[in-house]
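Here is how the chains run, residue by residue.
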Amino acid sequence: MFPDASTGLLSSKMTINIDLPRVGCSAQKHISYYLKYCRFVVKSLELASFQQFLCWMLKKEKIEEQKVSCIDIKVFPRRRKNGKCLAGNCDVNRGKIRIYPKPIKVCLFFTQKFGKQTFMAYAGNRAQAALIHELLHLKYVADEPKVRELTREYFFTFTKNHSVNSPWKRRVNTLIFRLDALDESSENRFTK
Ligand SMILES: [Zn+2]
């Protein structure tokens, strides 16, 4: 599907990262939930089809793969000062990308409302969209509108090629952009 791509380059830069001292006791109480969530996210990001897609995207955007020094998959969520949670962020100068989970409260609410299968699909796709978004920041730095527009385009290009075209999948994918997932990752560039 993405013929120029070689595989696995970015997945070798991914590590699971727990910041225990930085999170509150309530989050630590749910460590087993967050670890499960994290493992699922890693699997979604390591999918060969997704890795191939990322290589293709980086080439198309002329973003050098060496610009990415590491991708930290955070076990615990992180709130901004305004209370919203980050989906990800990118230290553009150091090439350091972080991907964060949704807080457990939101996850449980979501699971109750839409079911476990839909939540899992949402969580995996949310992380994929967040990684696409943060990689694009390496090129477009603080141009948030451009990054959002391209994230949407690239994410749908990927899912069109790799999801079954079912109404359920489409609904999950629409949720990614409706539920603040990517709004959360803005305004937090380390561009100094
Ligand atoms: Zn952004």
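Residues numbered from 1 in each chain as written. Predicted model: local features only at pLDDT ≥ 70, side-chain atom pairs only at ≥ 80, totals over all residues.

**Some thoughts on the overall build of the protein chain**
Inclusion rule: Helix and strand assignments follow DSSP, with helices taken as H or I runs no shorter than four residues and strands as E runs no shorter than two, numbered in order from the N terminus. The burial criterion counts other C-beta atoms lying within 10 Å of a residue's C-beta, which is placed from the backbone; the residue is buried at 20 or more, exposed at 12 or fewer, and partly exposed between these limits. By definition, residues are in contact whenever their C-beta atoms, placed on the basis of the backbone, come within 7 Å of each other.
Looking only at helices and strands, the protein chain has 7 helices and 4 strands in total. Along the protein chain, helices and strands appear, N-terminal first, in the series β-α-α-α-β-β-β-α-α-α-α. Taking all 192 residues of the protein chain together, the buried fraction comes to 33%. Taking contacts inside the protein chain between residues at least 6 apart in sequence as the whole, the part at least 24 apart equals 81%.

**Structural notes on the nonpolar core**
Condition: Among buried residues, those of type Ala, Val, Leu, Ile, Met, Phe, Trp, Tyr and Cys that are joined through C-beta atoms within 7 Å form a set called a nonpolar core.
One finds V41, I71, I99, A127, L131, I132 and L135 to be the most contacted residues of the largest nonpolar core, which totals 41 residues. Broken down by element, this core gets its largest block of residues, 12 residues, from helix α5 (residues 116-140). Other than its neighbours up to four places away in sequence, A127 contacts V41, S44, L45 and I99.

**Some words on the packing of helix α4 (residues 104-114) against α5**
Counted only if it meets this: Axis geometry follows a simple rule: fit a line to the C-alpha atoms, using only the stretch in contact for helices, then measure angles between N-to-C directions, giving values from 0 to 180 degrees. Angular relationships are summarised with four words: roughly parallel below 35 degrees, roughly antiparallel beyond 145, roughly perpendicular across 65 to 115, and oblique for the angles in between. Residues were grouped as follows: Ala, Val, Leu, Ile, Met, Phe, Trp, Tyr, Cys and Pro as nonpolar; Asp, Glu, Lys and Arg as charged; and all remaining residues, including Gly, as polar.
Axis separation between α4 and α5 bottoms out at 7 Å; the angle between their running directions is 130°. On the basis of their axis angle, the class for α4 and α5 is oblique. Residues C107, F110, T111 and F114 of α4 touch α5, and the partners they reach there are K116, T118, F119 and Y122. For the contact of α4 with α5, the residue count by class is 5 nonpolar, 2 polar and 1 charged.

**Focus: the sheet that holds strand β3 (residues 88-91)**
Stated formally: Strand pairing requires that DSSP identify at least two bridges connecting the strands.
Taken in spatial order, the 4 strands line up as β1-β2-β4-β3 in an open sheet, and their pairing is mixed. Each edge of the sheet is formed by a strand with only one pairing partner; in this case those strands are β1 (14-17) and β3. When the angles between neighbouring strand axes are averaged without regard to direction, this sheet yields 20°. Pairing between β3 and strand β4 (residues 96-99): 4 bridges, direction antiparallel.

**Notes on α5**
To be explicit about the condition: Expected helix span is given by 1.5 Å per residue-to-residue step, counting one fewer step than there are residues.
The end-to-end C-alpha distance of α5, which contains 25 residues, comes to 35 Å, matching closely the 36 Å that a straight helix rising 1.5 Å per residue would cover. Positive backbone phi, approximately 35°, marks V141, located one or two places after α5.

**Side note on unusual backbone geometry**
The residue K62 is not glycine, and still its phi comes out positive at about 55°. The residue K62 is located in the loop between α3 (48-61) and β2 (70-74) in this model. By C-beta crowding, K62 is classed as exposed, having 7 other C-beta atoms within 10 Å. In this model, V141 sits at a positive phi of 35°, which is unusual for a non-glycine residue. Of note, V141 is situated in the loop between α5 and α6 (144-162). Look at V141 and you get partly exposed, because 15 C-beta atoms sit within 10 Å.

**A closer look at the confidence of the model for the protein chain**
Counted only if it meets this: What pLDDT reports is the predictor's confidence in each residue, on a scale of 0 through 100.
Here the protein chain shows a mean pLDDT of 84. Residues at 70 or above account for 83%. Confidence, read as mean pLDDT per element, is least for helix α7 (residues 167-178) in the protein chain (72) and greatest for β4 (96). Within the model, the stretch residues 181-192 combines pLDDT values under 50 with 36 contacts to residues more than four positions away or in other chains.

**Side note on the environment of F119**
Positionally, F119 belongs in helix α5. Put simply, F119 and L108 are 11 residues apart on the chain and 9.0 Å apart in space, counted from C-alpha to C-alpha. Ignoring any residue separated from it by four or fewer positions in sequence, one finds F119 in contact with C107, F110, T111 and F114.

**Focus: the packing of helix α2 (residues 31-46) against α5**
Applied cut-off: Two helices cross in a left-handed way if the nearer one is turned anticlockwise from the farther one by less than a right angle. They cross in a right-handed way if the turn is clockwise.
As a packed pair, α2 and α5 sit with axes 9 Å apart at the nearest point and diverge in direction by 60°. As the angle between them shows, α2 and α5 are arranged oblique. Where α2 crosses over α5, the two elements pack in a sense that is right-handed. In this structure, α2 contributes Y37, F40, V41, S44 and L45 to the contact, and α5 contributes M120, A123, G124, A127, Q128 and L131.

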